[in-house]
Amino acid sequence: MADVDFIKEHLTSHLDFPKKGIVFLDIFPILRNPLAFETLITHLLQHITSHTIGLSPTKNVDVVVGLDARGFLIGPILALRLGAAFVPVRKAGKLPGTCISASYQKEYGVDSFEMQADAIKPGQAVVVVDDLLATGGSAHAAGELVAKQGGKTLEYLFIIELMFLKGSAALDAPVYSIVQSDD
Ligand SMILES: O=P(O)(O)OC[C@H]1O[C@H](OP(=O)(O)OP(=O)(O)O)[C@H](O)[C@@H]1O
Ligand SMILES: Nc1ncnc2[nH]cnc12
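All figures in this text were calculated on a predicted structure; none of them were measured in a lab.

Basis of the calculations
Residues numbered from 1 in each chain as written. Chains lettered and ligands numbered in written order. Predicted model: local features only at pLDDT ≥ 70, side-chain atom pairs only at ≥ 80, totals over all residues. Heavy atoms only, no water. Helix = DSSP H or I, 4+ residues; strand = E, 2+ residues; numbered from the N terminus. Buried < 20%, exposed > 50% of the residue type's maximum accessible area, 1.4 Å probe, protein only. Lys, Arg positive; Asp, Glu negative; His and termini not counted. Salt bridge = Lys/Arg side-chain N within 4 Å of Asp/Glu carboxyl O. Polar contact = N/O pair within 3.5 Å; in protein donor to acceptor, adjacent residues only side chain to side chain. Contact = heavy atoms within 4.5 Å. Pairing = 2+ DSSP bridges. Axes fitted to C-alpha atoms, helices over the stretch in contact; angles between N-to-C directions.

J.: Any details on the side chain of Asp130? Residues and values, ideally.
T.: Note on placement: Asp130 falls in strand E7 (residues 125–133). As a buried residue without a salt bridge, Asp130 has its nearest oppositely charged side chain in Arg70, at a separation of 6.3 Å. In terms of polar contacts, Asp130 uses its side chain to reach the backbone amide nitrogen of Gly71, at 3.3 Å. Not counting chain neighbours up to four residues away, the residues in contact with Asp130 comprise Leu67, Arg70, Gly71, Ile74, Leu157, Phe158 and Ile159.

What follows is the structure, encoded as structure tokens:
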């Protein structure tokens, strides 16, 4: 698809960042180009509204959950255009008020995520968005936080999926990624 190729052209890779042996895929060149950024957002919205299982003409996405930090660049825009709430999942210690937490292992370390305790209401339909799926640890922890509040994750959305890490196997809902990387 032309739009996928156009998005792909704006990804760059950085060997040995942030640690030796990691090939870091950078999405920021997409955001530097307004047409590429618009293409990305339109692609994801088109996917959500026409393919996300659990949606129908009468059933909408209630909440877009975005992961700290690069999920914050995409999630709020999707939420606004869908007429949905945006809820951040942040690294531990960054959110005020009562929070729920979940810890996770990622491609290069251990971390803990938090969500504000009243952010999602039982039964709400949720999509979780981030820039990249690696081991699935981060997205799994986010899904755990959604489930703890009684939300229903319909789908996990990413710009890039590192296929060799098989992160989608860790998740409790379908995964959609625009670009699949094998190395
Ligand atoms: O599937 P996983 O193995 O959990 O890895 C994916 C996560 O790793 C990266 O974020 P990172 O933890 O580097 O944090 P940052 O966004 O604050 O840089 C990326 O943006 C995802 O959130
Ligand atoms: N290889 C990678 N590139 C960018 N972000 C990542 N997060 C985890 N692994 C990553």
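Once you've had a look at it, read on.
J.: Talk me through the sheet that holds strand E4 (residues 85–91); I want residue IDs and the actual numbers.
T.: Strand order across the open sheet formed by seven strands is E5-E6-E4-E3-E7-E8-E9, with mixed pairing between neighbours. Because the sheet does not close on itself, it has two edges, and the strands there are strand E5 (99–106) and strand E9 (175–181). Taken pair by pair, the neighbouring strands of this sheet meet at an average axis angle of 20°, ignoring direction. Judged from the four bridges that link them, strand E3 (residues 63–67) and E7 form a sheet pairing that is parallel. If you follow Val63 over to E7, its bridge partner there is Val126. The strands that helix H5 (residues 137–148) touches are E3, E4, E5, strand E6 (109–116), E7 and strand E8 (152–162); relative to E5, the one it contacts most, it runs at about 155°.

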